[in-house]
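# Structural features, examined
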Amino acid sequence: MSVWDDLVGQEKVSAVLDAAARDADALVTAAAADEPLPEASKMTHAWLFTGPPGAGRNQAARAFAAALQCVSPDRALGGTPGCGFCDGCHTALLGTHADVTTVAAVGAEILVKDMRDTVRKSFTAPANGRWQIILVEDAERLNEKSANAVLKAVEEPAPRTVWLLCAPSIEDVLPTIRSRCRHLNLRTPSVEAVADMLVRRDGIEPEVAASAARATQGHVDRARRLATDPAARERRAAVLKLPLRLDEVGACLKAAQELVDAAAEDAKQLAEEMDGKETEELKAALGAAQGGRLPRGTAGVMKDLEDMQKRRRTRTQRDSLDVALGDLTAFYRDVLALQLGTRVALANTDAEDALEWLARASTPESTLRRIEAIAACREALDRNVAPLLAVEAMTMALRAG
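Quick summary incoming for the structure in this document. (Residues numbered from 1 in each chain as written. Predicted model: local features only at pLDDT ≥ 70, side-chain atom pairs only at ≥ 80, totals over all residues. Heavy atoms only, no water.)

## With respect to the overall build of the protein
Along the protein, the regular secondary structure elements total 15 helices and 5 strands. Since a compact globule built from 401 residues should have a radius of gyration of about 21 Å, the 24 Å found for the protein is in line with a globular shape. Considering the protein as a whole, with its 401 residues, one finds that 46% of them fall into the buried category. Excluding contacts between residues fewer than 6 apart, the proportion of contacts in the protein whose partners are at least 24 apart in sequence is 72%. Surface exposure of the protein reaches about 20200 Å², of which carbon and sulfur atoms provide 53%. Separation of charge centres in the protein, based on 51 positive and 59 negative side chains, amounts to 3 Å. (Helix = DSSP H or I, 4+ residues; strand = E, 2+ residues; numbered from the N terminus. Rg over C-alpha atoms; globule rule 2.2 N^0.38 Å. Buried < 20%, exposed > 50% of the residue type's maximum accessible area, 1.4 Å probe, protein only. Contact = heavy atoms within 4.5 Å. Areas by Shrake-Rupley, 256 points an atom, 1.4 Å probe, with all protein chains shown as cover. Lys, Arg positive; Asp, Glu negative; His and termini not counted. Charge placed at Lys NZ, Arg CZ, Asp CG, Glu CD.)

## Brief notes about the packing of aromatic side chains
For the coordinates displayed, the defined rule picks out 2 aromatic pairs. Measuring from centroid to centroid gives 5.0 Å for Trp 47 and Phe 64, while their planes differ by 70°, and the two rings are edge-to-face. Of the two residues, Trp 47 is situated in strand 1 (residues 46–50) and Phe 64 in helix 2 (residues 57–68); the sequence distance between them amounts to 17 residues. Of the residues examined, Trp 47 reaches a relative accessible area of 0% and is grouped as buried. Judged by its relative accessible area of 0%, Phe 64 is buried. (Phe/Tyr/Trp six-rings, centres within 6.5 Å; stacked < 30°, edge-to-face > 60°.)

## What to know about the environment of Ala 149
Checked against the element boundaries, Ala 149 lands in helix 5 (residues 144–155). On a C-alpha basis, the gap between Ala 149 and Val 208 in space is 45 Å, while along the polypeptide they are 59 residues apart.

## Section: the state of the cysteines
With the rule as written, the count across this model stands at 0 disulfides. Free cysteine: Cys 86, not disulfide-bonded; nearest cysteine sulfur from Cys 89 at 3.6 Å. With no disulfide of its own, Cys 252 lies closest to Cys 377 among cysteine sulfurs, the gap being 13 Å. Residue classification places Cys 252 among the buried positions, given a relative accessible area of 0%. (Disulfide = S-S within 2.5 Å.)

## Brief notes about the packing of helix 7 (residues 191–202) against helix 8 (residues 206–216)
In the contact formed by helix 7 and helix 8, the axes pass within 8 Å of each other and the chain directions differ by 140°. Accordingly, the angle class assigned to the pair helix 7 and helix 8 is oblique. The way helix 7 lies across helix 8 gives a crossing that is right-handed. Between helix 7 and helix 8, the contacting residues are Val 191, Val 194, Ala 195, Leu 198 and Val 199 on the first element and Pro 206, Ala 209, Ala 210, Ala 212, Ala 213 and Arg 214 on the second. Its residues assigned to classes, the contact of helix 7 with helix 8 comprises 10 nonpolar, no polar and 1 charged. (Axes fitted to C-alpha atoms, helices over the stretch in contact; angles between N-to-C directions. Parallel < 35°, antiparallel > 145°, perpendicular 65-115°, else oblique. Left-handed = near helix turned anticlockwise from the far one by under 90°. Nonpolar A, V, L, I, M, F, W, Y, C, P; charged D, E, K, R; others polar.)

## So, the pattern of salt bridges
Enumeration according to the criterion identifies 14 salt bridges in this entry. Ionic pairing is found between Arg 62 and Glu 137, a salt bridge with its closest N-O pair at 3.8 Å. Linking Arg 62 in helix 2 with Glu 137 in the loop between strand 3 (132–136) and helix 5, this pair joins segments that are 75 residues apart in sequence. According to the relative accessible area criterion, Arg 62 is buried, its value standing at 14%. When its relative accessible area of 19% is taken as the criterion, Glu 137 is described as buried. For Asp 350, the salt bridge goes to Arg 236, with nearest N and O atoms at 2.9 Å. Of this pair, Asp 350 sits in the loop between helix 12 (299–339) and helix 13 (352–361) while Arg 236 sits in helix 10 (residues 230–241), and the two are 114 residues apart along the sequence. It is possible to trace a salt-bridge network through shared partners that takes in Arg 222, Asp 322 and Arg 378. (Salt bridge = Lys/Arg side-chain N within 4 Å of Asp/Glu carboxyl O.)

## Digging into the nonpolar core
Counting 36 residues, the largest nonpolar core has Trp 4, Met 43, Trp 47, Phe 49, Phe 64 and Leu 164 as its most contacted members. Listing elements by their share of this core, those giving two or more residues are helix 1 (11–32), strand 1, helix 2, helix 3 (87–94), strand 3 and strand 4 (161–167). Among all residues touching Phe 64, those that are not within four sequence positions of it are Trp 4, Leu 17, Ala 20, Ala 21, Met 43, Trp 47, Phe 49 and Leu 164. Val 239, Ala 256, Ala 351 and Leu 381 belong to the second largest nonpolar core, which has 34 residues in total. (Core = buried A, V, L, I, M, F, W, Y, C linked by side-chain atoms within 4.5 Å.)

## Side note on the pairing of strand 3
The element strand 3 is extensively covered by neighbouring structure, given that 5 of its 5 residues are classed as buried. Burial along strand 3 is two-sided: Gln 132, Ile 134 and Val 136 and Ile 133 and Leu 135, pointing in opposite directions, are all buried. Sheet analysis places strand 2 (residues 100–103) next to strand 3, joined by 4 bridges and oriented parallel. Residue Val 103 lies in a different strand from strand 3, and its bridge partner there is Val 136. The pairing of strand 3 with strand 4 spans 5 bridges and is parallel. Within the sheet, the bridge partner assigned to Ile 133 lies in strand 4 and is Val 162. As for the winding sense of the linkage, the β-α-β connection from strand 3 through helix 5 to strand 4 is right-handed. (Pairing = 2+ DSSP bridges. Right-handed = clockwise from strand over helix to strand, strands pointing away.)

## Description of the side chain of Arg 130
As for its position among the elements, Arg 130 is in the loop between helix 4 (112–122) and strand 3. There is a polar contact of 2.6 Å between the side chain of Arg 130 and the side chain of Asp 25. Residues contacting Arg 130, with those up to four places away along its chain left out, are Asp 25, Val 28, Thr 29, Leu 68, Gln 69, Cys 70, Val 71, Arg 75 and Arg 160. (Polar contact = N/O pair within 3.5 Å; in protein donor to acceptor, adjacent residues only side chain to side chain.)

Next comes the structure, spelled out in structure tokens:
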């Protein structure tokens, strides 16, 4: 199974990355054998992956990282780098390869202090892999200082270092950074492609896979979660019932509180899984005995970890809210489609009765205003408005129409 198999509906991008991985392999092999380097190469030191949410930007970057670190013996016989089975591919895909460093936003921004060690590492030679790879999953969240640190590293990279930046669009990255990167734009995969992937890779029943892919409109990660997690399906069902409950002011406020509480509970569950493990691992690394006190001078390190975990919980809550708002947007988009006389590509066929009732009870103009209210709520959350205030304003606007 090739590393490119996870790139759903991205055949052109896979072909480009496959060709670059072949050239990268030839470059390393020639250098190791002290042979002349190939004159023309599709490989470069910095790549920018863009595309809408769910298109698989991070998966594409990680698959490319795995192909660059591939050590399969089949390569010497003309095989393609990126076998998916060798130690280099396996550890790169799992995120445990020593020469693949992943940077992701913990809070609203990637701070410069989070990038300093990574930038320093980018100037070192690979420890045991073929390339030193830096994968920045949320390049759009680089602030001014951290972006400048990345720019300096991308301008004058080490010979065997590759930067892989992921962002929603090319405009989300500094012009000075993107001008030094090779740009690959991923497209939203078709509903059919996502459903097929869920059946083949995850063993999901075809009907469940088709329903999840249609509900998420080609968002690969959300489709997989919806198909495999009953709790996610329950949360989505509750969100789709919300538009029918907004008949009074009190109901609007209650619905907003429930949305925020559900997102907070989701963040809490994730935190309980990750925070305890991280804390115990750090205590062990600092030399604390099981259940014993920490050595002197380590309180600051523990405080930094707690601050990071708090920022991550806040972001997780907002991300969970954003999923619910995306489901609401898709719901009202379906209402608008019915009002305009079409049933083509409805995302929420499992809530068709509610869609038809709202379509009859309102006008296309009011539906558009409701979609705009949801967009305004998402924008307010991006500006760090208190979640409850932003969602309450949205539910009141949904009621007004």
